[in-house]
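Structural overview for review
If you want the building blocks of each chain, they are given just below.
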There are 2 protein chains.
Amino acid sequence: MSNALSTMREQGKKVKQSSDQIGQLTTKDKNDLLLAMREQLLKDTGTLLRENEKDIQAGMDNGLSTALIDRLRLSEERIEGMAQGFEQIASLEDPIGQMIDSWERPNGLQIQKIRVPLGVAGIIYEARPNVTADAAALCLKTGNAVFLRGSSSAYHSNKAIVSSIHDAMIRQGIPTDAVQLAEDTSREAASEMFTMNEYLDVLIPRGGAGLIQAVVKNSSIPVLETGVGNCHVYIDESAAREMAIEIAINAKTQRPSVCNAAETIVLHEKWASEHGYELIQALIDKDVEIRGDKNIQKLHDNVKEATEKDWSEEYLDLTVAMKTVQDTDEAITHIKQYGTGHSEAIVTENEQNKQAFLQQLDAAALYHNASTRFTDGFEFGFGAEIGISTQKLHARGPMGLEALTSSKYVVHGNGQIK
Amino acid sequence: MSNALSTMREQGKKVKQSSDQIGQLTTKDKNDLLLAMREQLLKDTGTLLRENEKDIQAGMDNGLSTALIDRLRLSEERIEGMAQGFEQIASLEDPIGQMIDSWERPNGLQIQKIRVPLGVAGIIYEARPNVTADAAALCLKTGNAVFLRGSSSAYHSNKAIVSSIHDAMIRQGIPTDAVQLAEDTSREAASEMFTMNEYLDVLIPRGGAGLIQAVVKNSSIPVLETGVGNCHVYIDESAAREMAIEIAINAKTQRPSVCNAAETIVLHEKWASEHGYELIQALIDKDVEIRGDKNIQKLHDNVKEATEKDWSEEYLDLTVAMKTVQDTDEAITHIKQYGTGHSEAIVTENEQNKQAFLQQLDAAALYHNASTRFTDGFEFGFGAEIGISTQKLHARGPMGLEALTSSKYVVHGNGQIK
């Protein structure tokens, strides 16, 4: 084993050994720690900005794109945002110790299902340093230790954030081993995490599709998969004109770079013939490029021809695919074929079509007369978001604190044997 | 790709394509199917016995052990057991479509969390042909299609069972593609299943530790891990003599071959000095071989010396490791070090020690004054058991029908945009 890999395993072992103590912290311990982390981070603003500058400089020397440099950059405002995040997470209800369920068996056994931490979460993420702060806080709140593997381009920033968190932990008498940042940021070291089953209970990739797929494909540790969204808005024959246009515009343009933004708008042909031009023009007014099928092209001069590839493309920018259908069934069939099971919306005043859409489609979130943009932990009222799960096991859709927990059964008897 | 592997993928594709239709079946459709399967299986008893005989004969020719031949063998009674299983599963409440939760957001969005099928379950299992019937029924009841990969030694038996199920499906107008038995029973073909992410939503290994670890290590599909149990019974200072002896005897001897049987009995040294001899003698009377630490050896002549290896051994037979401790803390430390997080019991009349044990230990099931043998889907009242999960994600402990389900959010709006 190379030095790098043995360092990863040593760090993994330390984080695992500390997890038991973290899991036993009281709600007050954890909230006091989060508030101490907030205070310390604000105090460390100068250091954080200095360390961040090293990453920025190296990034520019290495020719990183302006967009990546921007994501990497810390500012007083961004540091304050992270500190506020700590306070916000402190204010959330503690899920650990909650009794999820309880019942009595005919033989008198009292069974309780109690919420407990997962143990150790491994987080593999890309450039944004704020993920370091956010993931550490979410894990600590849920009694989990955390092994963070950020990208090499953000190493100095991440290290400074973890140092600040460690200082707060020391002040609160909590073992700093529970928040580990991988010292080795090589790809080889990240791959090593995939098989550290004895030290990690879950792996959570946060970043682009390439990163997520690499983790899903190669990890023998259970993964919380947050994935791509090829989201659809279907506008039915009976859809109210203004509501349909507002929802389509919002779903496509309010923040096109995120996974719950719409990528294809499907129109009932009758609605399209009445209001299609107006919708297309409204999209174009918002700088959206339209790629449509033949019927859509007939509605407006400014529509490019959609190819087969457009139906499955996650543009993540101001481009949209548009197609017409004869009825709700055809819309459902199209979405089943091309959707990724993230978020799908129908705009309709017809009860039967609404029911067909909501029952026959299977996705993390289905909407009637609302924008797909609401698929979000904060919008759902969870007060936090680990990510949006597109897998079906453990958690599906927006993940709040509960996604970082497991359960144990506690059974009270008075001498029962089988 | 070899022919074998392309056959696996073709079968995987078919089962995936059928899963949508299976997921939309009503509760009545599914229960009618299960009852039709019961009837058909009983009708096919003669065929099943004939086909099973081929496997038995081949097994004997290949020198399979008597124990394996016994597990492989069908009888009228065992076939009746499978048929009764179908009826029993039909009688259970249908989890699909249940509203798990619902709430309203300040913006008026109505959010519902609805229970849905997982999609397609892949089951990889060893010799017992009854798993074929059991797994198919559990999957169908929960609206899942199923891809079964049994062992080559049971191929004729498994094929006859699936044929019988198909006949019932045809009669009920349900696509037979939804229950596929892998035609290729090579290891290569089983490995192919590990990466069929586009067709399988979950993989469930059922069998020995070797099989389970191979699936966990190599699958890129989420796995429901059912694992080993190094279960402990800790008898505290204040434990009632008779209750403690009954629980220890039951946990060790009632069915030693299963994962929830006790493997180590930990005794408080004071309890041991008063009642240890009696417990050891009672175990010996049940043909149990005792491997003890020095203190245990002093109590009785018939105790072998325990080595380090004994503390982590899952004997699965009539052998037990025994050790003494000075207090509950030492017992907890031992169990944390050697336990596998399956089932742990404390026998005590002391409230404080009970609380320490139940709070500080983390396992799928923790017992106070009851036998570890109750960690079981039927004993918990689930009416069915997929297995006992020893992982922390998705399901932990005995898994009933709910473990084969996921959820989707259905959000009702009246024009909300973000």
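Residues numbered from 1 in each chain as written. Chains lettered and ligands numbered in written order. Predicted model: local features only at pLDDT ≥ 70, side-chain atom pairs only at ≥ 80, totals over all residues. Heavy atoms only, no water.

**Some remarks on the overall build of chain A**
If you tally the helices and strands in chain A, you get 14 helices and 16 strands. Expressed as lengths along the three principal axes of its C-alpha atoms, the size of chain A is roughly 70 × 70 × 40 Å. Expressed as a percentage of its 418 residues, the buried residues of chain A come to 57%. Across chain A, the fraction of contacts at a sequence separation of at least 24, relative to all contacts at a separation of at least 6, is 71%. For chain A, the accessible area works out to roughly 16,600 Å², and carbon and sulfur atoms hold 45% of it. (Helix = DSSP H or I, 4+ residues; strand = E, 2+ residues; numbered from the N terminus. Buried < 20%, exposed > 50% of the residue type's maximum accessible area, 1.4 Å probe, protein only. Contact = heavy atoms within 4.5 Å. Areas by Shrake-Rupley, 256 points an atom, 1.4 Å probe, with all protein chains shown as cover.)

**Some words on unusual backbone geometry**
Residues and elements named next belong to chain B. One non-glycine residue, Asn369, lies in positive phi territory at about 55°. Position of Asn369 relative to the elements: it lies in strand 13 (residues 365-370). Unlike most non-glycine residues, His394 shows phi in positive territory, near 70°. With respect to the helices, strands and loops of the structure, His394 is situated in the loop between strand 14 (387-389) and strand 15 (397-399).

**Topic: empty space enclosed by the protein**
Tallied over the full model, the rule gives two cavities of 30 Å³ or more. Around the largest cavity, the lining comprises 20 residues; the ones closest to its centre are A:Pro222, A:Val223, B:Ile221, B:Pro222 and B:Val223. Residues of the lining of the largest cavity, tallied by class, amount to 10 nonpolar, eight polar and two charged. There is about 40 Å³ of room inside the second largest cavity. (1 Å grid on protein atoms, 1.4 Å probe; cavity = no way out; pocket = protein on both sides within 12 Å on 5 of 7 lines; lining within 4 Å. Points joined across faces, edges and corners; volume = space filled by probe spheres on them. Nonpolar A, V, L, I, M, F, W, Y, C, P; charged D, E, K, R; others polar.)

**Some details on the relation of the copies chain A and chain B**
For these two chain copies, the linking operation is a rotation about an axis paired with a shift along it. When chain A is fitted to chain B, the residual RMSD is 0.0 Å, and the transformation amounts to a turn of 180° plus an axial shift of 0.0 Å. The operation mapping one copy onto its partner corresponds to a two-fold rotation axis. Of the C-alpha atoms belonging to chain A, the one lying closest to the rotation axis is found on A:His394, 1.8 Å away. An overlap of 100% is found between the interface residues of chain A and their copies at the interface of chain B, pointing to a shared contact surface. (Least-squares fit on C-alpha atoms with pLDDT ≥ 70 in both.)

**Here we look at the sheet that holds strand 3 (residues 120-125) of chain B**
Residues and elements named next belong to chain B. With parallel pairing, four strands are arranged side by side in an open sheet as 5-4-3-6. In this open sheet, the two edge strands, each paired with only one partner strand, are strand 5 (179-181) and strand 6 (202-206). Sheet twist, expressed as the mean angle between neighbouring strand axes with direction ignored, is 20°. Bridging between strand 3 and strand 6 involves five bridges; their strand directions are parallel. Its bridge partner being in strand 6, Gly122 is matched across the sheet by Leu203. Where helix 6 (residues 130-141) meets the sheet, it contacts strand 3, strand 4 (145-149), strand 5 and strand 6, and its direction lies at approximately 165° from that of strand 3. Helix-sheet contacts for helix 7 (residues 155-171) involve strand 3, strand 4 and strand 5, and the interaxial angle to strand 5 is about 160°. (Pairing = 2+ DSSP bridges. Axes fitted to C-alpha atoms, helices over the stretch in contact; angles between N-to-C directions.)

**Comments concerning the pattern of salt bridges**
A complete count under the given rule lists 48 salt bridges over all chains for this structure. A:Lys309 is the partner of A:Glu313 in a salt bridge, and the nearest nitrogen-oxygen pair spans 3.2 Å. (Salt bridge = Lys/Arg side-chain N within 4 Å of Asp/Glu carboxyl O.)

**Some remarks on the interface of chain A and chain B**
Of the residues lining the interface, 69 residues belong to chain A; the matching set on chain B comes to 69 residues. Buried surface at the junction of chain A and chain B, both sides included, amounts to about 5,500 Å², of which 53% is carbon and sulfur. Considering only the side of chain A, the residues that lose the most area to chain B are A:Leu393, A:Tyr409 and A:Lys418, jointly responsible for 15% of the buried surface there. Of the charged contacts in the structure, one is a salt bridge between A:Asp376 and B:Lys418, with a shortest N-O distance of 4.0 Å. Summed over the shared surface of chain A and chain B, the number is 39 residue pairs in polar contact (both at pLDDT 80 or more). When residues of the side of chain A that touches chain B are traced back to their parent elements, those giving at least two are strand 2 (110-117), helix 9 (209-218), helix 10 (241-253), helix 14 (351-360), strand 13 (365-370), strand 15 (397-399) and strand 16 (405-416) of chain A. Of the residues forming the side of chain A that touches chain B, the biggest block, 11 residues, is contributed by strand 16 of chain A. (Buried area = accessible area lost by both parts, 1.4 Å probe. Polar contact = N/O pair within 3.5 Å; in protein donor to acceptor, adjacent residues only side chain to side chain.)

**Focus: the state of the cysteines**
Residues and elements named next belong to chain A. Applying the stated criterion to the full structure yields zero disulfides over all chains. Here Cys139 is not cross-linked by a disulfide; its sulfur's nearest cysteine counterpart is in Cys259, at 19 Å. On the basis of relative accessibility, which here comes to 1%, the residue Cys139 falls in the buried class. Of all cysteine sulfurs, the one in Cys231 lies closest to Cys259, which takes part in no disulfide; the gap is 6.9 Å. (Disulfide = S-S within 2.5 Å.)

**Quick notes on the UniProt feature "domain: Aldehyde dehydrogenase" (unreviewed entry) in chain A**
Here, the residues flagged by UniProt with the feature "domain: Aldehyde dehydrogenase" (unreviewed entry) are residues 33-282 of chain A. Secondary structure content for residues 33-282 of chain A is 50% helix and 18% strand, while the C-alpha to C-alpha distance between its ends is 49 Å. (UniProt positions renumbered as here; feature names shortened; annotations may be inferred.)

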